[in-house]
Each structure stands twice: as C-alpha cells, then as structure tokens.
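# Coordinate analysis (summary)
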Amino acid sequence: MDILYLMILCSVSLAVIFLIIFIISARNGQFEDDESPAVRILLESEIIKEDSPASKEVESKDNLDKVKSD
C-alpha cells in the first residue's frame, strides 16, 4: 500500500512540474505563433511566383499590348 502512495505522489508532482513549465512558456510567448512555418512556406512561394521571370515576361507582353492599342 505504501508504493501506491508513493506512485500517486510522484505522478501528482510530475503533473505540477509540467503545469508550471507550461505556464512559464505560455507567458513568454512560446505559443503565440499565428502563422506556422508550413503556412509561411506557402505564402513565400506565392511571392516568389509573383516575382518570377515568367510572370515578368507576361507583364511586359501586357504592357506592349497596351502601348500598341494607344
């Protein structure tokens, strides 16, 4: 029966330690990442697509069409 009390004491103390670590990290802003790295990768690829040479070529052709129509 003594081992049961020891196990309960150990598990409760371990849970309290994890709770304290969680509260400290939450106060320090560990969990305030609104955009995860996976989402940032997707957003950065859209920026790269906009700045790619192929899109600039299409834009220059559009500009030429506008100049020709004037």
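Residues numbered from 1 in each chain as written. Predicted model: local features only at pLDDT ≥ 70, side-chain atom pairs only at ≥ 80, totals over all residues. Heavy atoms only, no water.

This brings us to the overall build of the chain. A tally of helices and strands in the chain yields 3 helices and 0 strands. The linear arrangement of helices and strands in the chain, starting from the amino end, is α-α-α. The buried share of the chain, taken over its 70 residues, is 3%. As presented, the chain carries roughly 6,700 Å² of accessible surface, and 65% of it is formed by carbon and sulfur atoms. (Helix = DSSP H or I, 4+ residues; strand = E, 2+ residues; numbered from the N terminus. Buried < 20%, exposed > 50% of the residue type's maximum accessible area, 1.4 Å probe, protein only. Areas by Shrake-Rupley, 256 points an atom, 1.4 Å probe, with all protein chains shown as cover.)

A word on the packing of aromatic side chains. Each aromatic ring pair is summarised here by two numbers: the centre-to-centre distance and the angle between the ring planes. Applying the stated criterion across every chain, the model contains 1 aromatic pair. Aromatic side chains Phe-22 and Phe-31 sit 5.4 Å apart centroid to centroid with 35° between the ring planes, which places their arrangement in the tilted category. For Phe-22, a relative accessible area of 45% translates into the label partly exposed. Given a relative accessible area of 52%, Phe-31 falls into the exposed group. (Phe/Tyr/Trp six-rings, centres within 6.5 Å; stacked < 30°, edge-to-face > 60°.)

Before going further, it helps to spend a moment on a nonpolar patch on the surface. A contiguous nonpolar surface patch, about 1,100 Å² in accessible area, is contributed by Met-1, Ile-3, Leu-4, Tyr-5, Leu-6, Met-7, Ile-8, Val-12, Val-16, Ile-20 and Ile-24. Tracing the backbone through its elements, the reader meets Ile-24 in helix α1 (residues 2–27). (Patch = residues over 30% accessible without salt bridge, like charges linked within 9 Å, V, L, I, M, F, W, Y side chains within 5 Å. Salt bridge = Lys/Arg side-chain N within 4 Å of Asp/Glu carboxyl O.)

Attention now goes to the side chain of Ser-25. Inspection of the secondary structure assignment puts Ser-25 in helix α1. At 3.0 Å, the side chain of Ser-25 forms a polar contact with the backbone oxygen of Phe-22. Among residues more than four places away in sequence, those in contact with Ser-25 are Gln-30 and Phe-31. (Polar contact = N/O pair within 3.5 Å; in protein donor to acceptor, adjacent residues only side chain to side chain. Contact = heavy atoms within 4.5 Å.)

All right, on to the confidence of the model for the chain then. Predicted confidence across the chain gives a mean pLDDT of 76, with 56% of residues reaching 70 or more. Least confident of the elements in the chain is helix α3 (residues 53–69), whose mean pLDDT is 57; most confident is α1, at 96. (pLDDT = per-residue confidence, 0-100.)

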